[in-house]
Amino acid sequence: MKKRTPYIKNTKQQLIEDTLNSTPIKIIKYTVVGVAGIYTLGFIFKVLTFLNTNLKSFKNTLKQ
């Protein structure tokens, strides 16, 4: 009995691998990661400045 190779499955797998390893997809991936990183840093600094101003006002109320 001959062993049948699943051509359609292999072709789909190869198409998916080629698509994910293509240059435009890599550029999109790195761009999304970069934008998410910048957004995260901005959010962290926003929280830190909010806490800093609240801490200063809290210290001023304790001094009075």
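What counts and what doesn't
Residues numbered from 1 in each chain as written. Predicted model: local features only at pLDDT ≥ 70, side-chain atom pairs only at ≥ 80, totals over all residues. Heavy atoms only, no water. Helix = DSSP H or I, 4+ residues; strand = E, 2+ residues; numbered from the N terminus. Rg over C-alpha atoms; globule rule 2.2 N^0.38 Å. Areas by Shrake-Rupley, 256 points an atom, 1.4 Å probe, with all protein chains shown as cover. Patch = residues over 30% accessible without salt bridge, like charges linked within 9 Å, V, L, I, M, F, W, Y side chains within 5 Å. Salt bridge = Lys/Arg side-chain N within 4 Å of Asp/Glu carboxyl O.

> Please clarify how the overall build of the protein chain should be interpreted in this entry.
When its secondary structure is counted, the protein chain shows two helices and zero strands. For the protein chain, whose C-alpha radius of gyration is 27 Å, the value lies well above the compact-globule estimate of 11 Å for 64 residues. With the C-alpha coordinates of the protein chain rotated into their principal frame, the extents come out at 90 × 25 × 10 Å. Within the structure as shown, the protein chain displays about 6,600 Å² of accessible surface, and the carbon and sulfur contribution to it stands at 69%.

> How should a nonpolar patch on the surface be read in this particular structure?
Taken together, the side chains of Tyr-39, Leu-41, Phe-43, Ile-44, Phe-45, Val-47, Leu-48, Phe-50 and Leu-51 define a hydrophobic patch exposed on the protein surface, amounting to about 970 Å² of accessible area. Tracing the backbone through its elements, the reader meets Tyr-39 in helix 2 (residues 23-63).

> When you look at the environment of Arg-4 in this model, what are you seeing that I'm missing?
Inspection of the secondary structure assignment puts Arg-4 in the segment before helix 1 (7-20). Sequence-wise, Arg-4 and Phe-45 are 41 residues apart; in three dimensions their C-alpha atoms are separated by 59 Å.

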